[in-house]
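Here are the chains, one letter per residue:
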Amino acid sequence: MPAPTTGTHHVTGIVGDAQTAVDFYAGALGLRFVKQTVNFEDVLQHHLYFGDAGGNPGTVFTAFADPHGDDGRIGKPQVEAVTFAVPEGSLEFWQSRLADFDAPVEGPEERFGERVLRTRDPAGTRVELSASSGDAPAATDDATTGATGDGATAPTATDPWTDGPVSADAAVRGIAGVSVLSVNPFATAATLETLGFEYDRERDERVRYRTDGDPATAVDIVHRETDFGREGPGTLHHVAVRVDAEDDLHAWREHFDDNGYDVSRVKDRHFFHSLYVREPGGILVELATETGGLVSDHPTPGAALELPSFFEADRDLVESQLPELTVPDGRSTGRAASRDESERP
């Protein structure tokens, strides 16, 4: 067997308007806008990256912007929700902040000893904040800018971006995990175990699997009667898990192919290498190589369109077709929810 994964690498959703997504994830949630690039399958669509101070795997949420796509519908088989980790005692702050940005707020509810607040992004994507114990690291200039020269220390995978609009005692720490709706929960559980996740606990309709890595270690399989989903803005496209190196991807590809899985070739994603597997329960899982932080070296990373070398010749065309994005300061409030809750899938 190939070496097991150590947890989530990133989670990717589909949004409508790119600027509205930036306003929510970088503004309301206070994540760092670490990279603005393009969807490698459609270079005339934005691919946006948000994360911690350095854009470290395990903290990154990415979004494909499809402004002309039909709204998606949440259902089987899909990743139902992405859960971000926040410090214990911060949910009251988040309830107030999300309300200030006109984002819907539900909860908090108790889940496996954690308190979970539920909201949605402007496209309708289900987003959760899970409060767990742990001291917030002190904010320093070096730790929050990602600088590595002149004696500075590069951010670790749990350094929040405290140079943004949310202070260290409340800032998002990274991805805690995801919830999935499977058409075959037992097959999905078997795939998770193959990847290195282990059964942790269960209650009511929810079964949790977890890895030994840190951060982003939990996947909850949710047993619930629901309609079939439809891919589009407001849904989560896939969850990616971490592997050490490209050689591991080739080993995983051979393993999945030998066992009859629907698996892609190994792909060069410029910022990392990856492959995709559609497990028998219908959930799309990406395996992606560990990297340093994904934050670019631009002074304001998300403000500049970053293209891999193989698209650079088309920069003028790409830039002419994509809207110019503004990085919000997150300190002023505004419409973070573009549709009434009753209109969402």
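The rules we used
The numbering scheme is per chain: residues are counted from 1 as the chain's sequence reads. Local features are withheld for residues below a pLDDT of 70 in this predicted model, meaning they are given only at 70 or higher, and side-chain atom pairs are given and counted only at 80 or more; totals for whole chains, interfaces and linings count all residues. To get the side-chain values, all heavy atoms of the structure are used, and hydrogens and water are removed first. Starting at the N terminus, helices and strands are each numbered in turn, a helix being any DSSP run of H or I of at least four residues and a strand any DSSP run of E of at least two. When a residue's accessible area, from a 1.4 Å probe over protein chains only, is under 20% of the maximum for its type it is buried; when over 50% it is exposed; and in between it is partly exposed. Here, residues are in contact when the closest pair of their heavy atoms is within 4.5 Å. Surface accessibility follows the Shrake-Rupley procedure with a 1.4 Å probe radius. Residue values consider only the protein chains on display as shielding. What is meant by a nonpolar core is a set of buried Ala, Val, Leu, Ile, Met, Phe, Trp, Tyr and Cys residues, joined one to another through side-chain atoms within 4.5 Å. A residue's pLDDT is simply how confident the predictor is in it, with values from 0 to 100.

1. Some points on the overall build of the protein chain
Then step 1. For the protein chain, the count of helices and strands is 6 helices and 17 strands.
Then step 2. Sorting the 345 residues of the protein chain into buried and exposed places 56% on the buried side.
Then step 3. Contacts in the protein chain between residues far apart in sequence, at least 24 positions, make up 69% of those at least 6 positions apart.
Then step 4. Here the protein chain displays about 14,500 Å² of accessible surface, and carbon together with sulfur accounts for 44% of that area.

2. Remarks on the nonpolar core
Then step 1. Among the nonpolar cores identified, the biggest contains 63 residues, and Leu29, Phe84, Leu129 and Leu287 are the most heavily contacted of them.
Then step 2. Per element, the largest residue contribution to this core is 7 residues, and it comes from helix α1 (residues 18-28).
Then step 3. Each residue touching leucine 29, except ones within four places of it in the same chain, is listed here: Phe24, Phe84, Trp94, Leu98, Val127, Leu129, Val166 and Val172.

3. Some remarks on the environment of valine 285
Then step 1. Within the secondary structure, valine 285 sits in strand β17 (residues 284-289).
Then step 2. With 93 residues separating them in the primary sequence, valine 285 and leucine 192 have C-alpha atoms 10.0 Å apart.
Then step 3. Discounting chain neighbours no more than four positions away, the residues touching valine 285 are Leu195, Val239, Val241, Leu275, Tyr276 and Val277.

4. Structural notes on the confidence of the model for the protein chain
Then step 1. Across the protein chain, the average pLDDT comes to 86, with 88% of residues at or above 70.
Then step 2. Low pLDDT (under 50) marks residues 134-157, which in the prediction has 42 contacts with non-local residues, meaning those over four places away or in another chain.
Then step 3. Throughout residues 334-345 the model reports pLDDT below 50, and contacts reaching past four residues in sequence, or to other chains, amount to 37 contacts.

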